[in-house]
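Observations on chain architecture
Residue strings, one per chain:
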Amino acid sequence: MKGVQKNGVESEEKNVFGQIWFKYMPYWPLFLVLLTIAIAGAWLYIRYKTNPFYEATASILIKDEKKGQDEAKMIETLNQLSAKKIIENEIEVIKSRQLLTQVAKKLHLYAPVYEKGRIKPANAYTTSPVSIRAMNPDSLPDGGDIFFTVDTAKKTITINNTTYALNEWVKTPYGTLKFVPQNFQARTNDRPLYFNLTDPKIIATNLQSNLKASSVSKLSSVISLKITDENDKRAEDVLNALIAAYNEAALDDKNTLAANTLAFVNERLKYVEKDLDSIEQKLQQYKTSQGAIDISSQGTLFLQNVSDLSQKIGDANVQMDVLNQVEKYVTAKDKTGGIVPTTVGVGDPLLAQLLNKLYDYELEYEKLSKTTASNNPMVLSLKDQIEKIRPSILENIRSQKDGLNATRSNLNSLNNRFSSMLSSIPQKERDLVEISRQQNIKTSVYNFLLQKREETAMALSSSIADSRTVDNALSFGPMSPAKKIYMMAIILAIGLGIGFVTANEMLKRTILFRHEIESYTSVPVIGEIVHEDSGEAIVIGPGKRTFIAEQFRNLRTSLPYLGIKNDKKKILITSTVSGEGKSFVVVNLAMSLALAGKKVVVLEFDLSDPTLCEKLEFTNVNKGLTDYLNGSADPEEIIRRTAVHENLFIMPAGRPLPDNPSELIMSEKVPELFQYLSEIFDYILIDSAPVGLLSDAYVLSSHADATLYIIRHKHTRKVSIQRLDANNKINELKNLAIVFNGVKSRGFSKNGYGYGYGYGYIHNEKRESKKKKRVSKVV
């Protein structure tokens with residue numbers, strides 16, 4: 001079964017290829033001309049417009065959230081602000097226009113230097129004696145090609161007869177520029193040098209089109225970078241600078257996070273330090289004024305209990321403050337550049353994880369929103385994730401706050417109980433205990449904040465990039481773009497040829513193909529007749545074996561398909577309009593029947609424009625069908641034997657032609673005539689007027705046994721065939737069939753024709769002539 005399916009597929013593929021070949025091969029000179037022009041144009045473009053290019057590659061390792069591995073504990077301790085990333089997002093960041101603009105400015109690509117050549121300029125990135133830098137690259141004028149000369153001895157540069165010093169910022173008509181000397185000995189020729197000034201954003205866009213960034217594999221977090229450039233050194237410099245810019249941007253983000261955290265801790269330290277200093281001064285003043293020195297052992301015990309409770313209450317208050325800060329941060333609408341609150345003191349690790357994830361999403365959203373459009377699917381996805389995680393954080397905060405309120409209530413209750421016990425202690429001792437308790441609370445909070453400040457400062461000073469260079473940039477080449485350009489030229493030429501041929505045939509309003517006839521009407525096509533260039537009216541005869549003669553013989557053998565046999569012998573031939581070869585088909589079909597030994601009569605019932613007598617070389621037309629229908633002649637008087645064949649007879653139209661042929665054809669003498677002829681002849685062929693002009697054919701069809709409808713290639717309009725079925729339902733042409741006449745060769749083909757089914761036959765005479773030539777060569 002599989003073998004049958006495979007053979008069927010192969011057969012279908014061959015059939016499709018054959019159809020394509022048959023459709024476009026006749027136009028091979030057109031394709032040859034287009035290919036010649038395209039290849040010549042491609043050669044000129046390569047010769048004068050393109051340079052060989054180099055490809056540089058590099059690779060970096062990214063800490064991917066899904067694919068990355070955990071760091072060592074020591075590194076993780078130092079790099080507490082590190083965040084794993086999604087490799088797909090980082091690829092977009094690397095290819096962003098913002099980073100590439102930074103690269104263009106860093107490498108001064110906005111002022112490229114060229115050597116003028118005889119045919120095309122050459123890039124002088126490595127051979128130029130100077131590199132050009134602009135003080136304000138974002139506002140460079142368009143000065144075109146700016147030629148200059150360098151005096152290495154005097155260390156000056158001359159532009160438009162104005163001399164400037166090297167390695168200094170100078171004001172020029174093109175802005176404030178600095179010409180930095182480099183590679184004085186690198187040049188090996190004296191060709192003129194010039195430079196252009198281009199907006200760095202345009203340079204970044206060009207770099208973006210030449211840069212490719214992709215993951216090495218689905219399971220890998222390594223990004224492969226490739227870029228093409230006409231200079232190998234510049235390609236390497238661009239990739240290395242891009243990796244450096246990416247790492248710097250990542251470190252800047254981490255440093256911003258660390259700075260915000262450090263600012264928050266320092267602000268809290270100032271507040272707690274102020275409170276602690278106030279409590280210590282109050283304690284000192286109390287001891288001095290009240291003379292409080294020792295505390296009884298019972299007071300010490302109560303004080304210890306109260307102190308522990310106060311410590312717990314203080315911890316709960318700190319946690320409550322932290323939760324309030326976090327809740328304020330989460331519910332804020334705009335947090336760009338704001339201080340990220342810490343979750344220090346909060347024992348729930350889930351809150352810290354959720355908060356870190358929220359910050360990561362917001363940081364990623366901020367980065368992407370700078371490089372991509374607001375309706376980018378990735379930006380919308382991050383925004384959706386931010387909106388989904390906020391309710392989870394707020395619910396966690398409210399749950400913890402409820403727990404803290406309950407804990408604080410219990411602690412306050414215990415604290416009040418111990419305080420009531422202390423009421424029995426002397427007032428001085430109790431006041432001293434109260435002051436000491438406040439001092440202990442503030443001291444522990446102060447120590448905690450100091451610890452967190454040191455941890456944040458350590459993380460800030462030991463920031464580690466989230467990427468690592470696996471391979472530095474390395475260039476390969478040179479590589480010529482010729483192959484790609486030639487391929488594009490060939491494809492363009494073939495495409496233009498196909499488009500021209502297809503458009504030319506689709507826009508025609510006349511019938512071109514047999515399949516068009518078959519798609520427009522249900523009437524069968526029983527024959528095809530090629531176009532005859534000789535101009536002869538009769539193309540078939542004894543001993544003639546031409547292709548068109550064989551087609552008329554094939555048409556003769558197709559008549560039984562219409563039921564033409566025995567007593568069914570009357571055939572009506574008509575067409576849509578004049579000029580479609582109706583009379584030509586009548587004459588040659590009649591001749592083919594006569595050659596088969598059949599006695600044939602042709603009736604020239606096209607009383608408006610008769611041409612049969614002329615085609616049959618019959619000149620004596622004094623009497624004909626007109627005279628018979630008027631009652632002035634008998635059938636025996638108007639039946640004439642033709643000179644072309646003894647079995648072929650004609651009943652001419654007669655002279656003069658009537659003014660009312662349609663009414664004359666409706667005479668009662670017509671069926672009597674057909675009855676009379678049926679007893680004498682084997683075939684009766686009726687040449688009628690076109691149905692698109694007169695109604696004669698519809699009247700005669702009732703007397704005929706079959707109707708041949710002639711359609712001429714490139715002559716019959718498509719709309720006429722599209723209406724054929726509808727018209728035939730109203731005015732029926734009996735036993736209708738179509739003959740496709742005058743089929744010409746497609747394109748530039750001369751040996752065959754291509755608008756029917758494409759048999760592509762070669763005339764026998766040509767085969768015979770070739771055979772005779774071969775025989776003469778042998779002799």
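1. Brief notes about the overall build of the chain
For the chain, the helix and strand inventory stands at 24 helices and 21 strands. Looking at the chain as a whole, 43% of its 779 residues are labelled buried. When contacts within the chain are restricted to residue pairs at least 6 apart in sequence, long-range pairs at least 24 apart make up 77% of them. For the chain, the exposed area adds up to about 41900 Å²; of that, 52% sits on carbon and sulfur atoms.

2. A look at the packing of aromatic side chains
Counted according to the given criterion, the structure contains eight aromatic pairs. Between the aromatic rings of Phe 147 and Tyr 194, the centroid separation amounts to 5.0 Å while the plane-to-plane angle is 45 degrees, which identifies the pairing as tilted. Separated by 47 residues along the polypeptide, Phe 147 in strand S5 (residues 146–151) and Tyr 194 in strand S10 (residues 193–195) bring together distant segments of the chain. Its relative accessible area of 8% is what places Tyr 194 among the buried residues. Chaining the aromatic ring pairs together yields one cluster made of Phe 148, Tyr 164, Phe 179 and Phe 195. Here the basic side chain of Lys 599 rests over the ring of Phe 681, its NZ or CZ set 5.4 Å away from the ring centre. Directly above the ring of Tyr 628 sits Lys 669, whose terminal nitrogen or CZ lies 5.4 Å from the centroid.

3. Notes on the pattern of salt bridges
A full pass over the atoms with the stated rule returns 14 salt bridges. Between Arg 514 and Glu 528 there is a salt bridge, with the nearest N and O atoms lying 2.7 Å from each other. In this pair, Arg 514 is assigned in helix H13 (residues 514–520) and Glu 528 in strand S14 (residues 525–530), connecting sequence segments 14 residues apart. Owing to a relative accessible area of 12%, Arg 514 belongs among the buried residues under this scheme. Notably, a salt bridge pairs Glu 536 with Lys 544, separated by 3.5 Å at the nearest N-O pair.

4. Details of the sheet that holds strand S20 (residues 706–712)
Strand order in the open sheet formed by eight strands is S14-S21-S20-S15-S19-S16-S18-S17, and the pairing between neighbours is mixed. Strands with a single pairing partner mark the edges of an open sheet, and in this sheet they are S14 and strand S17 (640–641). Alignment of S14 against strand S21 (residues 736–743), held across four bridges, turns out to be parallel. When the sheet's bridge partners are listed, Val 525 is paired in S21 with Ile 738. In the packing of helix H14 (residues 547–558) onto the sheet, contacts are made with S14 and S21, and the angle to S14 comes to roughly 165 degrees.

5. A short note on the nonpolar core
Core analysis: the largest hydrophobic core is formed by 54 residues, its most contacted members being Ile 223, Ile 227, Leu 239, Val 326, Val 330 and Ile 393. Per-element tally for this core: the top contributor is helix H7 (residues 232–290), with nine residues. Ignoring any residue separated from it by four or fewer positions in sequence, one finds Ile 393 in contact with Val 326, Val 330, Leu 351, Leu 354, Leu 355 and Leu 358.

6. Examining unusual backbone geometry
Although it is not a glycine, Lys 155 sits at a positive phi angle of roughly 55 degrees. Along the chain, Lys 155 turns up in the loop between S5 and strand S6 (156–159). Assessed through its relative accessible area of 53%, Lys 155 is described here as exposed. Phi at Asn 160 is positive, roughly 55 degrees, even though this residue is not glycine.

7. Quick word on the confidence of the model for the chain
When the pLDDT values of the chain are averaged, the result is 80; 84% of them are 70 or greater. Long-range and interchain partners of residues 68–78, a stretch whose pLDDT sits below 50, account for ten contacts in this model, where long-range means more than four residues apart. Taken as a whole, residues 752–779 scores under 50 in pLDDT and shows 51 contacts with residues more than four places along the chain or in a different chain.

8. Observations regarding helix H4 (residues 87–94)
Across the eight residues that make up H4, a large majority, six, are buried. Listed as buried for H4 are Ile 87, Asn 89, Glu 90, Ile 91, Val 93 and Ile 94.

9. A short note on the environment of Leu 32
Note on placement: Leu 32 falls in helix H2 (residues 28–49). On a C-alpha basis, the gap between Leu 32 and Ile 494 in space is 9.2 Å, while along the polypeptide they are 462 residues apart.

10. Some thoughts on a nonpolar patch on the surface
Taken together, the side chains of Phe 17, Trp 21, Met 25, Trp 28 and Leu 32 define a hydrophobic patch exposed on the protein surface, amounting to about 580 Å² of accessible area. Elements with a contribution of two residues or more to the nonpolar patch: helix H1 (2–24) and H2. Looking at the secondary structure, you find Trp 21 in helix H1.

11. A few points about the packing of H2 against helix H12 (residues 482–506)
Put simply, H2 and H12 touch, their axes get as near as 9 Å, and they point 150 degrees apart. Taken together, the axes of H2 and H12 lie roughly antiparallel to each other. Handedness of the crossing formed by H2 with H12: right-handed. Here Leu 30, Phe 31, Leu 34, Leu 35, Ala 38, Ile 39, Ala 42, Trp 43, Tyr 45 and Ile 46 of H2 lie close against H12, whose contacting residues are Ala 482, Ile 485, Tyr 486, Ala 489, Ile 490, Ala 493, Ile 494, Leu 496, Gly 497, Ile 498, Phe 500 and Val 501. Residues that form the contact of H2 with H12 fall into these classes: 21 nonpolar, one polar and no charged.

12. A look at the pairing of S20
Consecutive side chains along a regular strand alternate between the two faces of the sheet. The buried count for S20 comes to six of seven residues, which makes it a mostly enclosed element. When strand S15 (residues 570–575) meets S20, the two strands line up parallel, connected through five bridges. By the bridge assignment, Thr 574 is partnered in S20 with Tyr 709. Where S20 lies against S21, six bridges are found, and the strand directions are parallel. Considered in S21, the bridge of Leu 708 is made with Ala 737.

13. What about the pairing of strand S1 (residues 53–62)?
In terms of strand pairing, S1 meets strand S13 (residues 467–479) through eight bridges, oriented antiparallel. Looking at the pairing, Leu 61 lines up with Arg 468 of S13. Here S1 runs beside strand S12 (residues 222–229); their pairing, made up of eight bridges, is antiparallel. Residue pairing for S12: Glu 55 is matched across the bridge by Thr 228.

14. Concerning helix H15 (residues 582–595)
Along its 14 residues, H15 runs 20 Å from first to last C-alpha, staying within 8% of the 20 Å computed at 1.5 Å per residue. Among the 14 residues in H15, 13 count as buried, and that is most of the element.

15. Remarks on the sheet that holds S1
Ordered in space as S11-S12-S1-S13, the four strands form an open sheet in which the pairing is antiparallel. Whereas interior strands pair on both sides, the edge strands pair on one side only; in this sheet they are strand S11 (211–215) and S13. Each neighbouring strand pair of the sheet contributes to a mean axis angle of 15 degrees, computed without reference to strand direction. The pairing of S11 with S12 spans five bridges and is antiparallel. The residue of S12 that forms the bridge with Ser 215 is Ile 223. Sitting on the sheet, helix H6 (residues 200–210) touches S11 and S12, and the angle it makes with S11 is about 50 degrees.

16. Overview of the side chain of Asp 237
Positionally, Asp 237 belongs in helix H7. Only 2.9 Å separates the side chain of Asp 237 from the side chain of Lys 233, close enough to count as a polar contact.

Definitions and cut-offs
- Residues numbered from 1 in each chain as written.
- Predicted model: local features only at pLDDT ≥ 70, side-chain atom pairs only at ≥ 80, totals over all residues.
- Heavy atoms only, no water.
- Helix = DSSP H or I, 4+ residues; strand = E, 2+ residues; numbered from the N terminus.
- Buried < 20%, exposed > 50% of the residue type's maximum accessible area, 1.4 Å probe, protein only.
- Contact = heavy atoms within 4.5 Å.
- Areas by Shrake-Rupley, 256 points an atom, 1.4 Å probe, with all protein chains shown as cover.
- Phe/Tyr/Trp six-rings, centres within 6.5 Å; stacked < 30°, edge-to-face > 60°.
- Lys NZ or Arg CZ within 6 Å of the ring centre and 35° of its normal.
- Salt bridge = Lys/Arg side-chain N within 4 Å of Asp/Glu carboxyl O.
- Pairing = 2+ DSSP bridges.
- Axes fitted to C-alpha atoms, helices over the stretch in contact; angles between N-to-C directions.
- Core = buried A, V, L, I, M, F, W, Y, C linked by side-chain atoms within 4.5 Å.
- pLDDT = per-residue confidence, 0-100.
- Patch = residues over 30% accessible without salt bridge, like charges linked within 9 Å, V, L, I, M, F, W, Y side chains within 5 Å.
- Parallel < 35°, antiparallel > 145°, perpendicular 65-115°, else oblique.
- Left-handed = near helix turned anticlockwise from the far one by under 90°.
- Nonpolar A, V, L, I, M, F, W, Y, C, P; charged D, E, K, R; others polar.
- Expected span 1.5 Å × (residues − 1).
- Polar contact = N/O pair within 3.5 Å; in protein donor to acceptor, adjacent residues only side chain to side chain.

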